[in-house]
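Listed below, chain by chain, are the residues.
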Amino acid sequence: MVCHEIGRPKFTQPEVTEGHWFALGISDATRKDAKLKRIFLKFLADETGATAIEYCLIAAFIALAIIAIVNGLGINLANELAQINNSLK
């Protein structure tokens with residue numbers, strides 16, 4: 001097979017069938033374990049969702065700060081409005 005972009009031979013991985021694995025002495029369980037290990041290591045190395053989680057945590061902390069400030073101001077505002085109401089009576 002010739003690589004059209006460069007013009008030199010392109011080496012491809014030969015297709016391995018079930019018979020080849022058996023001929024190499026690799027059991028089906030060993031092959032599945034290796035595949036599971038590759039998937040798990042790929043999952044551990046994947047950091048694509050880390051940024052989204054960080055932004056969610058930042059937004060949660062900002063929301064908590066806003067709630068705490070509004071809660072504190074709300075109590076003071078309620079007291080001030082009660083005093084104004086009493087003075088108008």
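Bear in mind that the values here come from a model prediction, so they are computed numbers and not experimental data. (Residues numbered from 1 in each chain as written. Predicted model: local features only at pLDDT ≥ 70, side-chain atom pairs only at ≥ 80, totals over all residues. Heavy atoms only, no water.)

Enquirer: Which residues make up the overall build of the protein chain, and what values do they have?
Expert: Scanning the protein chain from N- to C-terminus turns up three helices and zero strands. Going from N to C terminus, the protein chain has its helices and strands arranged as α-α-α. Expressed as a percentage of its 89 residues, the buried residues of the protein chain come to 1%. Carbon together with sulfur atoms contributes 67% to the accessible area of the protein chain, which is approximately 8600 Å² in total. (Helix = DSSP H or I, 4+ residues; strand = E, 2+ residues; numbered from the N terminus. Buried < 20%, exposed > 50% of the residue type's maximum accessible area, 1.4 Å probe, protein only. Areas by Shrake-Rupley, 256 points an atom, 1.4 Å probe, with all protein chains shown as cover.)

Enquirer: Got a sec to walk through helix H2 (residues 28–45)? Specific residues and values, please.
Expert: Note on helix geometry: an α-helix contains 3.6 residues per turn, so any two residues three or four positions apart are oriented the same way. Look at H2: 26 Å from first C-alpha to last across 18 residues, which is about the 26 Å you get at 1.5 Å a residue. With zero of 18 residues buried, H2 is to be regarded as a mostly surface element. (Expected span 1.5 Å × (residues − 1).)

Enquirer: Could you give an account of the confidence of the model for the protein chain, with specific residues and numbers?
Expert: Averaged over every residue, the pLDDT of the protein chain is 78; the share at 70 or more is 71%. Helix H3 (residues 50–88) holds the highest mean pLDDT among the elements of the protein chain, 89, whereas helix H1 (residues 18–23) holds the lowest, 56. (pLDDT = per-residue confidence, 0-100.)

Enquirer: Residues and numbers for a nonpolar patch on the surface, please.
Expert: On the surface, a cluster of nonpolar side chains totalling about 550 Å² of accessible area is made up of Ile53, Leu57, Phe61, Leu64 and Ile67. By the secondary structure assignment, Leu64 is in helix H3. (Patch = residues over 30% accessible without salt bridge, like charges linked within 9 Å, V, L, I, M, F, W, Y side chains within 5 Å. Salt bridge = Lys/Arg side-chain N within 4 Å of Asp/Glu carboxyl O.)

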